[in-house]
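Summary of the model geometry
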Amino acid sequence: MTRTTRFNQREYYKNAETFTKMNVSVPNVEVFVSKVEDHVSAVFFSGKKTKADWRFRFDTEIEMMKYIDSKIKYIHDRNVYKEEKKIKDKILAETNRKEINVGDLFATSWGYEQTNVDFFQVIEKVSATRVKVQRINLKVNETTSWASDNISPIKDDFIGEPMIKTINKYGNISKIDEYGHSGYKTHEGARHHRSWGY
């Protein structure tokens, strides 16, 4: 290990006689400080990283503490945001998943220089997060050009085999088709644009 590499490692500062570990209230943050005659230094570690986030020298202790406090506040605010987002995402997922029922229709729309559309129907709720779906037929409502039309799903007109799929937090069904596309909610009579070349 080189001198530069060693000075970036957490274990080095835990055992270094010239550095003292600060008392920090934010979890998963360690700060080591050193005071010598003409300057002060600080080394900052966050999370489980063995390598320092940063290692700086300061002219005064006041300057150092101001900088350290700003970085600790940033980590604290980020942790609070992550925790709040985790709770919100859980509530969002639970709410959206509850709104999916047997008989609901889903569509996919995808393609490059074309628009492919497929329809699926929920035939069973396997669990709070998983459903059994099956592909259904479509009907053409209107031909809009030589290479496009408007189509709608035909409920209960099943094709293919049933598949068990996962509902994501947004209420869409993940990887509903063989190409890995997500299915979004639609309904009977909904008109979907389809095209197959230009």
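Everything discussed here concerns the structure shown above.
Structure report, in brief. All figures in this text were calculated on a predicted structure; none of them were measured in a lab.

Procedures and definitions
Residues numbered from 1 in each chain as written. Predicted model: local features only at pLDDT ≥ 70, side-chain atom pairs only at ≥ 80, totals over all residues. Heavy atoms only, no water. Helix = DSSP H or I, 4+ residues; strand = E, 2+ residues; numbered from the N terminus. Rg over C-alpha atoms; globule rule 2.2 N^0.38 Å. Buried < 20%, exposed > 50% of the residue type's maximum accessible area, 1.4 Å probe, protein only. Contact = heavy atoms within 4.5 Å. Areas by Shrake-Rupley, 256 points an atom, 1.4 Å probe, with all protein chains shown as cover. Expected span 1.5 Å × (residues − 1). Pairing = 2+ DSSP bridges. Axes fitted to C-alpha atoms, helices over the stretch in contact; angles between N-to-C directions. Polar contact = N/O pair within 3.5 Å; in protein donor to acceptor, adjacent residues only side chain to side chain. Salt bridge = Lys/Arg side-chain N within 4 Å of Asp/Glu carboxyl O.

1. Looking at the overall build of the protein chain
Helix and strand content of the protein chain: three helices and 12 strands. Against the compact-globule benchmark of 16 Å for 198 residues, the protein chain has a radius of gyration of 29 Å, which places it well outside the compact range. For the C-alpha atoms alone, the extent of the protein chain along its principal axes is close to 85 × 40 × 30 Å. The burial tally for the protein chain puts 35% of its 198 residues in the buried class. Considering only residue pairs separated by 6 or more positions, the protein chain has 50% of its internal contacts joining residues 24 or more positions apart. Just so you have it, the protein chain exposes about 12800 Å², and 50% of that area is on carbon and sulfur atoms.

2. Brief notes about helix H3 (residues 61–98)
With 38 residues, H3 extends 55 Å between its outermost C-alpha atoms, agreeing within 8% with the 56 Å of an ideal straight helix rising 1.5 Å per residue. Taken as a whole, H3 has its buried residues at Met64, Ile68, Ile72, Ile75, Ala93 and Asn96. Against strand S2 (29–35), strand S3 (40–46) and strand S4 (54–58) lie the buried residues of H3.

3. Some details on the environment of Tyr13
Position of Tyr13 relative to the elements: it lies in helix H2 (residues 10–15). The spacing of Tyr13 and Asn116 is 103 residues in sequence and 59 Å in space, taken between C-alpha atoms.

4. Quick look at the sheet that holds S4
Across the sheet, four strands lie side by side as S1-S2-S3-S4; this open sheet has antiparallel pairing. Either end of the sheet is taken by a strand with one partner, and the two such strands are strand S1 (20–21) and S4. Sheet topology note: the S2/S3 ladder contains seven bridges and is antiparallel. Paired with Phe32 across the bridge in S3 is Val43. Relative to the sheet, H3 contacts S2, S3 and S4, its axis offset from that of S3 by approximately 10°.

5. As for the side chain of Asp104
Looking at the element boundaries, Asp104 is found in the loop between H3 and strand S5 (105–110). Asp104 sits in the buried class, given a relative accessible area of 17%. Side-chain polar atoms of Asp104 contact the backbone nitrogen of Asn101, separated by 2.7 Å. Beyond its immediate sequence surroundings of up to four residues, Asp104 is in contact with Glu99, Phe120, Gln121, Val122 and Lys185.

6. Here's the deal with the pattern of salt bridges
All told, the structure shown has 14 salt bridges when counted by the stated rule. A salt bridge links Lys85 to Asp89; its shortest N-O distance comes to 2.9 Å. Linking Lys85 with Asp89, this pair stays in helix H3, spanning four residues, or about one helical turn. Take Asp89: its relative accessible area is 21%, and that puts it in the partly exposed class. Put simply, Asp104 and Lys185 hold a salt bridge, and the shortest N to O gap is 3.3 Å.

7. Describing unusual backbone geometry
For residues that are not glycine, phi is negative in most cases, and the peptide bond is trans in most cases. Phi is positive for Asn28, which is not a glycine, with a value near 60°. Structurally, the position occupied by Asn28 is in the loop between S1 and S2. One non-glycine residue, Asp156, adopts positive backbone phi at about 70°. Assignment of secondary structure puts Asp156 in strand S8 (residues 148–158).

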